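Fold and contact review
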Amino acid sequence: SQTIHQWPATLVQPVGSPLSLECTVEGTSNPNLYWYRQAAGRGLQLLFYSVGIGQISSEVPQNLSASRPQDRQFILSSKKLLLSDSGFYLCACPRGSGSPNTQYFGPGTRLTVL
Amino acid sequence: GENVEQHPSTLSVQEGDSAVIKCTYSDSASNYFPWYKQELGKRPQLIIDIRSNVGEKKDQRIAVTLNKTAKHFSLHITETQPEDSAVYFCAASPNTNAGKSTFGDGTTLTVKP
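Residues numbered from 1 in each chain as written. Chains lettered and ligands numbered in written order. Predicted model: local features only at pLDDT ≥ 70, side-chain atom pairs only at ≥ 80, totals over all residues. Heavy atoms only, no water.

1. Details of the overall build of chain A
Looking only at helices and strands, one finds zero helices and 11 strands in chain A. The N-to-C order of helical and strand elements in chain A reads β-β-β-β-β-β-β-β-β-β-β. Here the C-alpha atoms of chain A give a radius of gyration of 13 Å, agreeing with the 13 Å that 2.2 N^0.38 yields for 114 residues. Overall size of chain A, expressed as C-alpha extent along the three principal axes, is 40 × 30 × 25 Å. In chain A, which comprises 114 residues, the share counted as buried stands at 49%. (Helix = DSSP H or I, 4+ residues; strand = E, 2+ residues; numbered from the N terminus. Rg over C-alpha atoms; globule rule 2.2 N^0.38 Å. Buried < 20%, exposed > 50% of the residue type's maximum accessible area, 1.4 Å probe, protein only.)

Here it is in structure tokens:
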């Protein structure tokens, strides 16, 4: 079964500072990877998904970007954070080959922008 | 694109009572409907799912029903326990390689002992 690592676990950043969140996946090869954001008390918003190295699809316009430099690595970045970027960021991959549409989530990164 | 609406946003029940959470979806191409449970400060985890070729599925105290014609599906929890307290999310996705899911906004369930 797969394992997802995310770091850092928590982050406090000032407005206007850059951001880099990392997600790595073990136990699976060439997985689809997803970045979600969960604002306080809200649902899960899909930000980006990737079907392979270098292939990124953006779901919502924003000041965030994503990259997939390696098969099992997915990075979320920003050049200048906004207050509205605060939230719980979750990386996800399919739960298994038999469940391609079921999301298995990483432990998440809680970002606070001050 | 797909739009999923979830109701109610908050639900409080007495221990032992049943809880029902309802979701509607808009895209007739969606054919997979998972439910996730998120405990405070933790990641969402799958608790049950249903595919469009099935009308109902049950796993111990939880069950999910699907009405394809009306485009709505529901989560039923019977004999609720305090440990059922959490945020529950429904989702809908089409059967594509990308496997993208559209989530509802969540229901905060509180089970009072």
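2. Observations concerning the sheet that holds strand E1 (residues 3–7) of chain A
All names here are of chain A. Pairing in this open sheet of four strands is antiparallel, and the strands run E1-E3-E8-E7 from one edge to the other. Edge positions in the open sheet fall to E1 and strand E7 (64–70), since each of these has one partner strand only. Strand-to-strand twist across the sheet, computed as the mean angle between neighbouring axes with direction ignored, equals 20°. Here strand E3 (residues 19–26) runs beside strand E8 (residues 73–78); their pairing, made up of six bridges, is antiparallel. Along E8, the bridge assignment pairs cysteine 23 with phenylalanine 74. (Pairing = 2+ DSSP bridges. Axes fitted to C-alpha atoms, helices over the stretch in contact; angles between N-to-C directions.)

3. Remarks on the pairing of strand E8 (residues 72–77) of chain B
Residue and element names in this part refer to chain B. The sheet contact formed by strand E3 (residues 19–25) and E8 spans six bridges and is antiparallel. Its bridge partner lying in E8, lysine 22 is registered against serine 74. With antiparallel pairing between neighbouring strands as the criterion, strand E7 (residues 62–67) and E8 make up a hairpin whose turn holds four residues, including lysine 71 at a positive phi of roughly 55°.

4. Observations concerning the packing of aromatic side chains
All names here are of chain B. Taken as a whole and assessed by the stated rule, the structure comprises 12 aromatic pairs over all chains. Taking 4.7 Å as the distance between ring centres and 45° as the angle between the ring planes, the aromatic pair formed by tyrosine 25 and phenylalanine 33 counts as tilted. You'll find tyrosine 25 and phenylalanine 33 in the same group, each marked buried. With centroids separated by 4.8 Å and ring planes inclined at 45°, the aromatic side chains of phenylalanine 33 and phenylalanine 73 adopt a geometry described as tilted. (Phe/Tyr/Trp six-rings, centres within 6.5 Å; stacked < 30°, edge-to-face > 60°.)

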